[in-house]
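Chain and residue survey
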Amino acid sequence: MIDNIDIDKIRSEFPILKELIYKKPLVYFDNGATTQKPQCVLDRINYGYEHLNANIHRGVHYLSQKATEAHENARKTIADFLGAEKREEIVFTRGTTEAINLVAFSYGEAFCHEGDEVILSVMEHHSNIVPWQMLCERKKMTLRVVPMNENAELDMDAYKNLLNDKTKIVSITHVSNVLGTVNPVKEMISLAHARHIPVLIDGAQAVPHIAVNVQDLDADFYVFSGHKIYAPTGIGVLYGKEKWLNAIPPYQGGGEMIAQVSFEKTTYNELPYKFEAGTPDYIGSTALAEAVNYVQQIGIENIAAYEHALTTYATKRLLEIEQMRIVGTAAYKGAVISFLIGSIHPYDLGMLLDKLGIAVRTGHHCAQPLIDSLGLPGTVRASFGIYNTKAEVDIFIDALKRVVIMLS
Ligand code: PLP
């Protein structure tokens, strides 16, 4: 047991960790991109198809009712996990990207007009930039960008100055997928609310790693992806305060989201179904709830402490390497380390590490404006999950030292 974490047991629950990559044990440090899945999640997917598969919400028959019950129980699990007041405030989406597109479109339709402004930060993922840019183009609005200081922390004075009567929404990442910075989102929300401006928080890199309570944050919208928290791809979550979800129009039309349809007029379903057009991913939702239960059994506070210790250890060991440059040195960081070594191209480092069985990410990490603003060619990113260990960090550092010699 390390920091209340039974790491051997956890590792034994992830079948993929037994894979050999080029005949070497897999060291998977690409958790920021997606996480591996524990056996209980894999079993839940199979169980769904083997025992509970029928389209939900519409059927009077046994299987349909059971599948509906499982899907709606999953919604309740997610609502409790995020600290939402009501299960109706949880909308299932395909992931973070779809959730942000939904809000950018629907909120934009209802509340945004020519001349209005949207505030983002310089460290946003493309999925929290492009949907807002599309809204700005559609409505002739302007994007405003919060800069950061040399420690990769958002410039809060600049943020305060950007908030004004034209600001219609603020959309900020909770944790940067490149820099690891944990942003002061509670304070940012409170500053926006003082001007009655709603705030969306991109929780893709936060929810798997730190405790999140949407009511405590007072977030208006909070979004995340299942696949980054040990659940399957294709399922994610939009939390929205009931008042906002009621105030904005549907995003997509189709089955499920309607109350009555005629060729003259359609009326929409109640929350959350108004935003869930078509057959929902009811297998994915139940597998996501299984993953969330798995995380809660380990304890999100235990996970946060364990990953913090691991990230601190990895940072210290990385700094043993000459010409190491850690990109992102905020005081409060998540389980992400971006770095560069001398003038070696990140892609070369990543390619050679791969040959040694180590999976890291290289490039702009879907945050091109951030990487451009730093004048970098990209970075190498190691991002940790609950099954990673200090022993793996040691393998990684030894491999890096070998690779640097080869590339120098
Ligand atoms: N936001 C952040 C901060 C991310 O790290 C990612 C994925 O890496 C996304 C959004 C997009 O997530 P998805 O591709 O699952 O929609």
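All figures in this text were calculated on a predicted structure; none of them were measured in a lab. (Residues numbered from 1 in each chain as written. Predicted model: local features only at pLDDT ≥ 70, side-chain atom pairs only at ≥ 80, totals over all residues. Heavy atoms only, no water.)

In the vicinity of the ligand, 13 residues are found, and the nearest of them are Thr-97, Asp-202, Gln-205, Ser-225 and Lys-228. Here Asp-202 contributes a side-chain N or O atom positioned 2.5 Å from a nitrogen atom of the ligand. His-227 places a polar side-chain atom, nitrogen or oxygen, 2.7 Å from an oxygen atom of the ligand. Split into classes, the residues belonging to the shell around the ligand amount to one nonpolar, ten polar and two charged. (Near = heavy atom within 4 Å. Polar contact = N/O pair within 3.5 Å; in protein donor to acceptor, adjacent residues only side chain to side chain. Nonpolar A, V, L, I, M, F, W, Y, C, P; charged D, E, K, R; others polar.)

Our focus in this paragraph is empty space enclosed by the protein. Per the stated rule, a full pass over the model turns up one cavity of 30 Å³ or more. Counted as a void, the largest cavity has a volume near 50 Å³. Every element with two or more residues in the lining of the largest cavity is listed here: helix H2 (39–51), helix H3 (62–82) and helix H10 (282–298). When residues of the lining of the largest cavity are assigned to their parent elements, the largest contribution, three residues, is made by H10. (1 Å grid on protein atoms, 1.4 Å probe; cavity = no way out; pocket = protein on both sides within 12 Å on 5 of 7 lines; lining within 4 Å. Points joined across faces, edges and corners; volume = space filled by probe spheres on them. Helix = DSSP H or I, 4+ residues; strand = E, 2+ residues; numbered from the N terminus.)

Time to look at unusual backbone geometry. Both trends apply: most residues other than glycine have a negative phi, and most peptide bonds are in trans. Here the residue pair Leu-271 and Pro-272 is connected by a cis peptide bond, since its omega of 0° sits within 30 degrees of zero. Considering the arrangement of structural elements, one finds Pro-272 in the loop between strand S12 (266–268) and H10. Phi is positive for Tyr-22, which is not a glycine, with a value near 50°. Mapped onto the elements of the fold, Tyr-22 is located in the loop between strand S1 (20–21) and strand S2 (24–25). A residue is classified by how much of its surface remains accessible, and Tyr-22, at 44% relative accessible area, is partly exposed. (Buried < 20%, exposed > 50% of the residue type's maximum accessible area, 1.4 Å probe, protein only.)

Let us now look at the nonpolar core. The nonpolar side chains of soluble globular proteins are, as a tendency, buried together. Counting 101 residues, the largest nonpolar core has Leu-82, Tyr-222, Leu-288, Phe-339, Ile-386 and Phe-396 as the members making the most contacts within it. Considering every element that reaches this core, the biggest residue donor is H10, with eight residues. Of the domains in this structure, domain 1 (7–30 + 299–407) and domain 2 (42–296) are the two that each give at least three residues to this core. Once residues within four sequence positions are removed from consideration, Leu-82 is found in contact with Ile-90, Val-207, Val-212, Asn-213, Val-214, Phe-224, Val-237 and Tyr-239. Membership of the second largest hydrophobic core comes to 25 residues, among which are Ala-99, Cys-112, Val-118 and Phe-221. (Core = buried A, V, L, I, M, F, W, Y, C linked by side-chain atoms within 4.5 Å. Domains from an automatic or database assignment. Contact = heavy atoms within 4.5 Å.)

A few words on the packing of aromatic side chains. Applying the stated rule across the entire model yields twelve aromatic pairs. Judged by centre distance (5.3 Å) and plane angle (85°), the rings of Phe-29 and Phe-396 are edge-to-face. Of this pair, Phe-29 sits in the loop between strand S3 (27–28) and H2 while Phe-396 is found in helix H14 (residues 390–407), placing the two residues 367 residues apart along the sequence. Judged on exposure class, the residue Phe-29 and its partner Phe-396 are both buried. Centre to centre, the rings of Phe-339 and Phe-396 are 6.2 Å apart; their planes meet at 65°, and the pair counts as edge-to-face. On the criterion of sequence distance, the pair formed by Phe-339 in strand S14 (residues 336–341) and Phe-396 in helix H14 is long-range, its members being 57 residues apart. Each member of the pair, Phe-339 as well as Phe-396, carries the same accessibility label: buried. Above the plane of the ring of Tyr-313 lies Lys-390, whose end atom (NZ or CZ) is 5.2 Å from the centre. (Phe/Tyr/Trp six-rings, centres within 6.5 Å; stacked < 30°, edge-to-face > 60°. Lys NZ or Arg CZ within 6 Å of the ring centre and 35° of its normal.)

Next up on the list: the environment of Tyr-107. Topologically, Tyr-107 is positioned in helix H4 (residues 96–111). Separated by 141 residues in sequence, Tyr-107 and Ile-248 place their C-alpha atoms 5.5 Å apart. The residues contacting Tyr-107, other than those within four sequence positions of it, are Leu-102, Cys-112, Lys-168, Ile-169, Pro-198, Trp-244 and Ile-248.

Taken together, four strands build an open sheet; the order of strands is S13-S14-S17-S16 and the sheet is antiparallel. The open sheet terminates on both sides in strands that have one partner only, identified here as strand S13 (324–327) and strand S16 (361–363). Pairs of neighbouring strands in the sheet enclose a mean axial angle of 30°, with direction left out of account. The pairing of S13 with S14 spans four bridges and is antiparallel. When the sheet's bridge partners are listed, Val-327 is paired in S14 with Ser-338. (Pairing = 2+ DSSP bridges. Axes fitted to C-alpha atoms, helices over the stretch in contact; angles between N-to-C directions.)

Relative to the helices and strands, Ser-383 resides in strand S17 (residues 379–383). Owing to a relative accessible area of 1%, Ser-383 belongs among the buried residues under this scheme. When neighbours within four sequence positions are excluded, Ser-383 is seen to be in contact with Phe-29, Asp-30, Asn-31, Gly-32, Ala-335, Val-336 and Asn-388.

Looking now at the domain arrangement of the protein. Under the domain assignment used here, the protein contains domain 1 (7–30 + 299–407) and domain 2 (42–296). Contacts between domain 1 and domain 2 engage 36 residues on the former and 29 residues on the latter. Between domain 1 and domain 2 lies a buried interface of about 2500 Å² when both sides are counted; carbon and sulfur atoms form 62% of it. The three residues of domain 1 that bury the most area against domain 2 are Ile-300, Tyr-332 and Leu-370, which together make up 23% of that side's buried surface. At the boundary of domain 1 and domain 2, one finds zero salt bridges. Counting across the interface, domain 1 meets domain 2 through 16 residue pairs in polar contact (both at pLDDT 80 or more). Elements with a minimum of two residues in the side of domain 1 that touches domain 2: helix H11 (300–318), S14 and helix H13 (368–373). Here the residues of the side of domain 1 that touches domain 2 sort into 21 nonpolar, ten polar and five charged. (Buried area = accessible area lost by both parts, 1.4 Å probe. Salt bridge = Lys/Arg side-chain N within 4 Å of Asp/Glu carboxyl O.)

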